[in-house]
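# Close look at the chain arrangement
These are the residues of each chain, in order.
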Amino acid sequence: MEQPIKGYSYGQVGLSPVTSADLYLLKKTVMFTEEDEKHLDLAGDILKDQTNAILDVWYGYVGSNEHLLHYFSKNEQPNTEYLTAVRARFSQWILDLCQKPYDQDWLNYQHEIALRHHSTKKNKTDHIDSVPIIHYRYLVAFIFPITATIKGFLSNKGHDVATVEAMHEAWFKAVTLTVILWTYPYINRNEF
Amino acid sequence: MKKKSLLTTLAACIIVTGTYAQIAKTPPGYTYGTHQVAQSPFSLNDLKLLQQSLLFGEDDIKYLKMSHDILKDQTNDILNVWYGFVASTPQLVYFFGNKTTGKPEGDYLARVKERFALWILQTAEANYDQNWLNYQYEIGLRHYSAKKNRTDNVNSVPVIYYRYIPALTIPITTTLKPFLAKKGASADDVDKMYNAWVKSVLLQSILWGQPYMKKGDF
């Protein structure tokens, strides 16, 4: 039996302030369709045994940017324990993004992730002493490297170019949708 | 002497006509690079780090500039597609609606459209200097309650909800791609221009979000 992931509490978190009606309209705005759902599901199958290699790339990117590594640090000293704990959940996030239904549990968990980036809950899950918040601007900026670097992994299992493109587009929409939800705690009341 | 003065008059006419043409082309409320635009609270140094985080480099500048020539005579068609998307998305039309009646404000839509056309060109020019940075802040304020409706003196809803700003990155960039491909650029160049556009639009939507953020959270 697989070990539970420390701090991963999908299905056991508070209610998101974003309603499923809001999510529906937001999905329409990012042009997210049933076709995207299908392609994401396929992407999940393709990516599930590659998550370690993907995380190596993403951590390589964070590690090579001091201003990003800063968010895992205290006095500019990166906290390895923190980086490791986040990595296990990040790996699960790839699969959840692709294969979990975007229902109330999913919506609630996006809000939980949001709070964990924001000063409301940052560092609490792993009982870490690090900087108090990940600034908003880098959450949204992250959409690009996370999307650009996934394409190679999507094409690693012999799918045709059109299918890889469709999966990549669906991924881009899903990541954008997700990151938007993560910004909720950062935004002034009634302006989200 | 007579010839010279005729030439001088002609030259003056051309200069004046040129200036008028430029003024006529500058839509009302488009204040890029003018003293009417305040200094952005974000610094050029921070902008560099943000661009680095988006993997935005010199090549992207090159490909954005390449897109300028391709897009410059297509802005009307592009705007028709974007406005078509907005029109088919009631949750977006809402932000152009009259505060009292809820009906879309035609003049407001038309005036924004003119500035939007220049925004396409300004994005493709890719000049990331202080004027550019300041204008992103100005655009942010105009989406936000601080300045929404004021530029065009309209009675519309008081704020564009933040969530729709980064969300629009996708329809904007997805629908732009066919226009990038219309002038015979190679598939590889089209892809590179498209990627540079995605990065630039994301970058701008991040900056436009600044007024919405709780203090210290940006």
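Quick caveat, the model's predicted, so the values are computed rather than measured. (Residues numbered from 1 in each chain as written. Chains lettered and ligands numbered in written order. Predicted model: local features only at pLDDT ≥ 70, side-chain atom pairs only at ≥ 80, totals over all residues. Heavy atoms only, no water.)

## What to know about the packing of aromatic side chains
One pass over the full model with this rule turns up 37 aromatic pairs over all chains. Plain terms: the ring middles of B:Trp119 and B:Trp208 are 6.1 Å apart, the flat faces sit at 55° to each other, and that makes the pair tilted. Of the two residues, B:Trp119 sits in helix H6 (residues 106-125) while B:Trp208 sits in helix H10 (residues 187-208), which places them 89 residues apart along the sequence. Under the relative-accessibility criterion, B:Trp208 is labelled buried at 12%. Counting every residue linked through ring pairs, the aromatic cluster contains A:Trp58, A:Tyr61, A:Phe90, A:Trp93, A:Phe142, A:Trp171 and A:Trp182. Positioned over the ring face of A:Tyr10 is A:Lys100, at 4.7 Å from the centre of the ring. (Phe/Tyr/Trp six-rings, centres within 6.5 Å; stacked < 30°, edge-to-face > 60°. Helix = DSSP H or I, 4+ residues; strand = E, 2+ residues; numbered from the N terminus. Buried < 20%, exposed > 50% of the residue type's maximum accessible area, 1.4 Å probe, protein only. Lys NZ or Arg CZ within 6 Å of the ring centre and 35° of its normal.)

## Quick word on H10(B)
The end-to-end C-alpha separation of H10(B) is 31 Å, in line with the 32 Å expected for 22 residues at 1.5 Å each. Within H10(B), 16 of the 22 residues are buried, leaving the element largely enclosed by the surrounding structure. (Expected span 1.5 Å × (residues − 1).)

## Details of the interface of chain A and chain B
Listed as interface residues are 34 residues of chain A and, on the opposing side, 40 residues of chain B. Remark: the boundary between chain A and chain B carries one salt bridge. As a salt-bridge pair, A:Asp22 and B:Arg163 come within 3.8 Å of each other at their nearest N and O atoms. Seen at the junction of chain A and chain B, the total is 20 residue pairs in polar contact (both at pLDDT 80 or more). Elements with a minimum of two residues in the side of chain A that touches chain B: helix H1 (20-29), helix H4 (66-69), helix H7 (136-141), helix H8 (143-148) and helix H10 (161-182) of chain A. Tallied by class, residues from the side of chain A that touches chain B come to 20 nonpolar, nine polar and five charged. (Contact = heavy atoms within 4.5 Å. Salt bridge = Lys/Arg side-chain N within 4 Å of Asp/Glu carboxyl O. Polar contact = N/O pair within 3.5 Å; in protein donor to acceptor, adjacent residues only side chain to side chain. Nonpolar A, V, L, I, M, F, W, Y, C, P; charged D, E, K, R; others polar.)

## With respect to the pattern of salt bridges
As enumerated under the stated definition, the model contains 22 salt bridges over all chains in all. The closest approach of N and O atoms between A:Lys6 and A:Asp126, which form a salt bridge, is 3.9 Å. Of this pair, A:Lys6 sits in the segment before H1 while A:Asp126 is found in the loop between helix H6 (104-117) and H7, placing the two residues 120 residues apart along the sequence. Since its relative accessible area comes to 4%, A:Asp126 is described here as buried. Here B:Asp188 makes a salt bridge to B:Lys192, at a shortest N to O gap of 3.0 Å. Here B:Asp188 pairs with B:Lys192, and both are found in helix H10, just four residues apart, close to one helical turn. The class for B:Asp188 is partly exposed, based on a relative accessible area of 44%. The structure contains a network of salt bridges with shared partners spanning A:Lys6, A:Arg89 and A:Asp126.

## Quick word on the packing of helix H3 (residues 51-63) of chain A against helix H5 (residues 80-99) of chain A
All names here are of chain A. Contact geometry of H3 with H5 gives a least axis separation of 10 Å together with a crossing angle of 125°. One finds that H3 runs oblique with respect to H5. In this structure, the crossing between H3 and H5 has a hand that is right-handed. Residue-level inspection shows Thr-51, Asn-52, Ile-54, Leu-55, Asp-56, Trp-58 and Tyr-59 of H3 in contact with H5, the latter providing Leu-83, Val-86, Arg-87, Phe-90, Ser-91, Trp-93, Ile-94 and Leu-95. Of the residues assigned to the contact of H3 with H5, the class counts are 10 nonpolar, three polar and two charged. (Axes fitted to C-alpha atoms, helices over the stretch in contact; angles between N-to-C directions. Parallel < 35°, antiparallel > 145°, perpendicular 65-115°, else oblique. Left-handed = near helix turned anticlockwise from the far one by under 90°.)

## Looking at the confidence of the model for chain B
Looking at chain B as a whole, the pLDDT averages 91, with 89% of positions reaching at least 70. Across the interfaces of the predicted complex, the ipTM metric reaches 0.97, alongside a pTM of 0.93. (pLDDT = per-residue confidence, 0-100.)

## A few points about unusual backbone geometry
Residues and elements named next belong to chain A. Positive phi, normally seen in glycine, also occurs at Asn-75, with a value near 50°. Turning to its location among the elements, Asn-75 is positioned in the loop between strand E1 (73-74) and strand E2 (77-78). In this model, Asn-190 sits at a positive phi of 65°, which is unusual for a non-glycine residue. Using a relative accessible area of 65% as the deciding quantity, one classes Asn-190 as exposed.

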